Amino acid sequence: MSMSTTTEQDNLRSRLPDPGQFFPEVATIAGAMSEVTQNGAIPQTTISLVQLRAGQIVGSTYHTVRQTGLLREAGETEERITAVASWQDAPYFTAAERVALELVEAVLTPNPSGERVSDELYTKASAHYDEKALWTLTIAIGQICFFVPVALIGKPIPGEALGKNYRR
């Protein structure tokens, strides 16, 4: 089975070439967003968990594989990684991680009966995060949202290193 997966992975092609060849500024934007989210206000693990959940919600294999890989590299357990999709009843997350996951779900899930991020959710989040941390979390959600269309339309190759994830 793994031989088939490897063969399939080797034959994958992106829909579009690397956007950096047309817009080198994208690397600057990506670097700036990463620098902001890595300011220490929120653990990198929390940011990766939030971005993994965002990838799951929008149906992006690329983002899901990328964030899963980053979490594994950081030493996260398989239980925590696989339980992100069902975090609400999983015993593996801290209260702060739970509210961060709830926040990304609120941002990315339409709410036909009102605003997505309620005052109640904001109050819960502010109980765990100060203003700098809330902005960091907000920008981390924005960072993944910036790249969602890139992943869904351009279809970079999941599991490939940045800069090598586009082949046509």
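Note that this is a predicted model, so its numbers are computed, not measured.

What about the pattern of salt bridges?
- On inspection of all chains with the given rule, the structure shows six salt bridges.
- Between Glu 105 and Arg 53 there is a salt bridge, with the nearest N and O atoms lying 2.7 Å from each other. Of this pair, Glu 105 sits in helix α6 (residues 95–108) while Arg 53 sits in helix α3 (residues 44–58), placing them 52 residues apart in sequence. Residues Glu 105 and Arg 53 agree in their burial class; the two are buried.
- Arg 72 is the salt-bridge partner of Glu 78, the closest N and O atoms lying 2.7 Å from each other.
- You can call Arg 72 partly exposed: its relative accessible area is 45%.

As for the packing of aromatic side chains
- Summed over the entire model, instances satisfying the criterion amount to two aromatic pairs.
- Taking 6.3 Å as the distance between ring centres and 55 degrees as the angle between the ring planes, the aromatic pair formed by Phe 22 and Phe 23 counts as tilted.
- When its relative accessible area of 48% is taken as the criterion, Phe 23 is described as partly exposed.
- Aromatic pair Phe 146 and Phe 147: ring centres 4.8 Å apart, planes at 80 degrees, arrangement edge-to-face.

What about the environment of Asp 130?
- With respect to the helices and strands, Asp 130 occurs in the loop between α7 (119–128) and α8 (131–154).
- A relative accessible area of 52% means that Asp 130 is categorised as exposed.
- When the C-alpha positions of Asp 130 and Pro 91 are compared, they lie 25 Å apart, and in sequence the two are 39 residues distant.
- A polar atom in the side chain of Asp 130 sits 3.2 Å from the backbone nitrogen of Lys 132.
- A distance of 2.8 Å separates a polar atom in the side chain of Asp 130 from the backbone nitrogen of Ala 133.

Considerations on the environment of Ile 29
- Relative to the helices and strands, Ile 29 is located in helix α2 (residues 25–37).
- Here the alpha-carbon distance between Ile 29 and Gln 88, two residues 59 residues apart in the chain, equals 33 Å.

What to know about the nonpolar core
- Ranked by internal contacts, the top residues of the largest apolar core, which has 19 residues, are Ile 42, Val 50, Val 104, Tyr 129, Leu 137 and Ile 141.
- Elements with a minimum of two residues in this core: α3, α6, α7 and α8.
- Setting aside anything within four residues of it in sequence, one finds Tyr 129 in contact with Ile 42, Thr 46, Ala 96, Glu 97, Val 99, Ala 100, Leu 134 and Leu 137.
- In terms of nonpolar packing, the next biggest core, distinct from the first, is built from 10 residues, Leu 49, Val 84, Trp 87 and Phe 93 among them.

Some words on the packing of α6 against α8
- Relative orientation of the contacting elements α6 and α8 amounts to 50 degrees, with a least axis distance of 11 Å. When the axis of α6 is compared with that of α8, the two are oblique. Here α6 runs over α8; the crossing is right-handed. On the side of α6, the interface is formed by Ala 100, Leu 103, Val 104, Val 107 and Leu 108, while α8 contributes Leu 137, Ile 141 and Cys 145.
- For the contact of α6 with α8, a count of residues per class yields eight nonpolar, no polar and no charged.

About the cut-offs
- Residues numbered from 1 in each chain as written.
- Predicted model: local features only at pLDDT ≥ 70, side-chain atom pairs only at ≥ 80, totals over all residues.
- Heavy atoms only, no water.
- Salt bridge = Lys/Arg side-chain N within 4 Å of Asp/Glu carboxyl O.
- Helix = DSSP H or I, 4+ residues; strand = E, 2+ residues; numbered from the N terminus.
- Buried < 20%, exposed > 50% of the residue type's maximum accessible area, 1.4 Å probe, protein only.
- Phe/Tyr/Trp six-rings, centres within 6.5 Å; stacked < 30°, edge-to-face > 60°.
- Polar contact = N/O pair within 3.5 Å; in protein donor to acceptor, adjacent residues only side chain to side chain.
- Core = buried A, V, L, I, M, F, W, Y, C linked by side-chain atoms within 4.5 Å.
- Contact = heavy atoms within 4.5 Å.
- Axes fitted to C-alpha atoms, helices over the stretch in contact; angles between N-to-C directions.
- Parallel < 35°, antiparallel > 145°, perpendicular 65-115°, else oblique.
- Left-handed = near helix turned anticlockwise from the far one by under 90°.
- Nonpolar A, V, L, I, M, F, W, Y, C, P; charged D, E, K, R; others polar.

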